[in-house]
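This is what each chain is made of:
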Amino acid sequence: MLTSTVAILHDNGGHGEDHYVVRTLNDNLYLDAVMDGVTGRGGWEASQTLADALPVPPLTSPADLLTVLEDVNQQLYRRGLGHFLLTTIAAVLYGESVLHIVGAGDSPVVLIRPDTYQLFASRTS
């Protein structure tokens, strides 16, 4: 069985706007997500809202994860009365030897292997 772990490399206690979710979805599917709330834009509330939403629904695919992100985005927009409450997200959905990376904002995902690493940053199209 595969396992998922999180290593916290930086104490951001001074800002307190970061949250993370580690979730085993089944014997072969895992979710790791880090949210970095944007200072001055309701970042704590935004990252906490997303962290609270990710453990609730069944997630079986990247499309399910995107649906949660879209739903939370709409909630935060309505709650902010037309002004976004903002957080970044760097999420990895791993299963069946496939790594799905979902990101929004400037928080990258770094895949670390014993002899190399690979950086995955969010792209706009």
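About the thresholds
Residues numbered from 1 in each chain as written. Predicted model: local features only at pLDDT ≥ 70, side-chain atom pairs only at ≥ 80, totals over all residues. Heavy atoms only, no water. Axes fitted to C-alpha atoms, helices over the stretch in contact; angles between N-to-C directions. Helix = DSSP H or I, 4+ residues; strand = E, 2+ residues; numbered from the N terminus. Left-handed = near helix turned anticlockwise from the far one by under 90°. Contact = heavy atoms within 4.5 Å. Nonpolar A, V, L, I, M, F, W, Y, C, P; charged D, E, K, R; others polar. Pairing = 2+ DSSP bridges.

Caption draft 1: Region of interest: the packing of helix α1 (residues 43–53) against helix α2 (residues 62–79). At a closest axis distance of 10 Å, the pairing of α1 and α2 adopts a crossing angle of 140 degrees. Once α1 is placed against α2, the crossing between them reads as right-handed. Two secondary-structure elements touch here, α1 through Glu45, Ala46, Thr49, Leu50 and Ala53 and α2 through Val68, Leu69, Val72, Gln75, Leu76 and Arg79. Within the contact of α1 with α2, the residues separate by chemical class into seven nonpolar, two polar and two charged.

Caption draft 2: Local environment of the side chain of Glu17. Mapped onto the elements of the fold, Glu17 is located in the segment before β1 (18–26). Other than its neighbours up to four places away in sequence, Glu17 contacts Met35, Asp36, Gly37, Val38, Thr39, Gly40, Gly43, Trp44 and Ser47.

Caption draft 3: Structural context of the pairing of strand β6 (residues 116–120). Sheet analysis places strand β5 (residues 109–113) next to β6, joined by five bridges and oriented antiparallel. Pairing of Ile112 across the sheet is with Tyr117, part of β6. The turn joining β5 and β6, which pair antiparallel and follow one another in sequence, is formed by two residues.

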